[in-house]
Amino acid sequence: MLNITVLVSGSGTNLQALIDAQKSGVIKNGRITCVISSKDGAYALERAKQNNIKVRVISKKSFKTTEEYNGALLSALREEKADLIVLAGFLSIIGDEIIKEYENRIINIHPSLIPSFCGPGFYGLHVHEQALKYGVKVTGATVHFVSSVVDGGAIILQKAVEVKNDDTPEILQRRVMEQAEWVILPWAVALFCDGKIKVKDGKAYIMP
Ligand code: GRF
């Protein structure tokens, strides 16, 4: 049984999808043992408390430097004995020391089909604003391992979502969350906990 630590910053709908997947048995070989938020008051913390999951807040504004923040985060991850770290709507950048120590054990959900609409500055609603501005007819979500390149780690799963003529960024974001993020993130976590994801030459493969 792997210990899963989920890092959050906002409403926690992806965390909720993970909690529901654990309850329904989709995630069998992992257990969410801690939720760490980068922001005080994130509703994701309420979702964790409602499900008796330990919560911690490691708020960026409490630290003078990014190095100190990442040092505190690394200490917390070690204390929680995290086997897998899931970034679920987490808005801080993970430092290289953490990435190195947890190589191919940090999973992120990004609300586009990487390599489109990703990288620095592409988060939350901005991603969907850019997709609509470009005029793409299909977008979606990507689950990938975290590397030192923002949104650049090995892709694990992707799921496409239709863009409709009268979409606003908010409507599109909701559709991507409902039809893609909340489906592939729990699936990827379950595959990881079942030992079914292998990384070779920088690419991730799902084993039968
Ligand atoms: C959403 O923009 C989602 O697309 C992205 O993070 C944001 C908040 O997600 N993954 P959550 O509701 O906090 O999981």
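Above this text is the structure in question.
Bear in mind that the values here come from a model prediction, so they are computed numbers and not experimental data.

1. Some points on the site of the ligand
Line of reasoning, step 1. Surrounding the ligand, one finds Gly10, Ser11, Gly12, Thr13, Asn14, Gly89, Ile109, Pro111, Gly124, Gln173, Met177 and Glu181.
Line of reasoning, step 2. One of the side-chain nitrogen or oxygen atoms of Ser11 is found 2.6 Å away from an oxygen atom of the ligand.
Line of reasoning, step 3. Interatomic distance of 2.7 Å between a side-chain N/O atom of Gln173 and an oxygen atom of the ligand.
Line of reasoning, step 4. The protein chains hide 91% of the 360 Å² of surface that the ligand would expose on its own.
Line of reasoning, step 5. In this structure the site holding the ligand corresponds to the largest pocket.
Line of reasoning, step 6. Listing elements by their share of the shell around the ligand, those giving two or more residues are α1 (13-24) and α6 (169-193).
Line of reasoning, step 7. When residues in the shell around the ligand are grouped by element, the largest group, 3 residues, is from α6.
Line of reasoning, step 8. Residue composition of the shell around the ligand, by class: 3 nonpolar, 8 polar and 1 charged.

2. Quick notes on the layout of surface pockets
Line of reasoning, step 1. Within this model, the largest pocket holds a volume of roughly 770 Å³.
Line of reasoning, step 2. Forming the boundary of the largest pocket are 40 residues, of which Gly89, Phe90, Leu91, Asn108 and Tyr123 lie nearest the centre.
Line of reasoning, step 3. Listed by contribution, the elements that provide at least two residues to the lining of the largest pocket are α1, α4 (96-101), β5 (106-110), α5 (125-134) and α6.
Line of reasoning, step 4. Split into classes, the residues belonging to the lining of the largest pocket amount to 17 nonpolar, 20 polar and 3 charged.

3. Focus on the nonpolar core
Line of reasoning, step 1. Ile4, Val6, Val35, Ile156, Leu185 and Val189 are the most contacted members of the largest nonpolar core, which has 44 residues in total.
Line of reasoning, step 2. Here this core gets 11 residues from one element, more than from any other, and that element is α6.
Line of reasoning, step 3. Leave out the neighbours within four places in its chain, and Val189 touches Ile4, Leu18, Ile27, Leu84 and Val86.
Line of reasoning, step 4. Membership of the second largest hydrophobic core comes to 19 residues, among which are Leu7, Phe90, Ile98 and Ile99.

4. A closer look at the pairing of strand β2 (residues 30-37)
Line of reasoning, step 1. Among the 8 residues in β2, 7 count as buried, and that is most of the element.
Line of reasoning, step 2. As paired strands, strand β1 (residues 2-8) and β2 are joined by 7 bridges and run parallel to one another. Among the inter-strand pairings, Val8 is bridged to a residue of β2, identified as Ser37.
Line of reasoning, step 3. Following the chain from β1 across α1 to the adjacent parallel β2, one finds a crossover that is right-handed.
Line of reasoning, step 4. Sheet analysis places β2 next to strand β3 (residues 54-57), joined by 4 bridges and oriented parallel. Paired with Ser37 across the strands is Val57, a residue of β3.
Line of reasoning, step 5. Chirality of the crossover, the property in question, places the unit of β2, helix α2 (residues 43-50) and β3 among those that are right-handed.

Definitions and cut-offs
Residues numbered from 1 in each chain as written. Predicted model: local features only at pLDDT ≥ 70, side-chain atom pairs only at ≥ 80, totals over all residues. Heavy atoms only, no water. Near = heavy atom within 4 Å. Polar contact = N/O pair within 3.5 Å; in protein donor to acceptor, adjacent residues only side chain to side chain. Areas by Shrake-Rupley, 256 points an atom, 1.4 Å probe, with all protein chains shown as cover. 1 Å grid on protein atoms, 1.4 Å probe; cavity = no way out; pocket = protein on both sides within 12 Å on 5 of 7 lines; lining within 4 Å. Sits in = over half its atoms within 2 Å of the grid points. Helix = DSSP H or I, 4+ residues; strand = E, 2+ residues; numbered from the N terminus. Nonpolar A, V, L, I, M, F, W, Y, C, P; charged D, E, K, R; others polar. Points joined across faces, edges and corners; volume = space filled by probe spheres on them. Core = buried A, V, L, I, M, F, W, Y, C linked by side-chain atoms within 4.5 Å. Buried < 20%, exposed > 50% of the residue type's maximum accessible area, 1.4 Å probe, protein only. Contact = heavy atoms within 4.5 Å. Pairing = 2+ DSSP bridges. Right-handed = clockwise from strand over helix to strand, strands pointing away.

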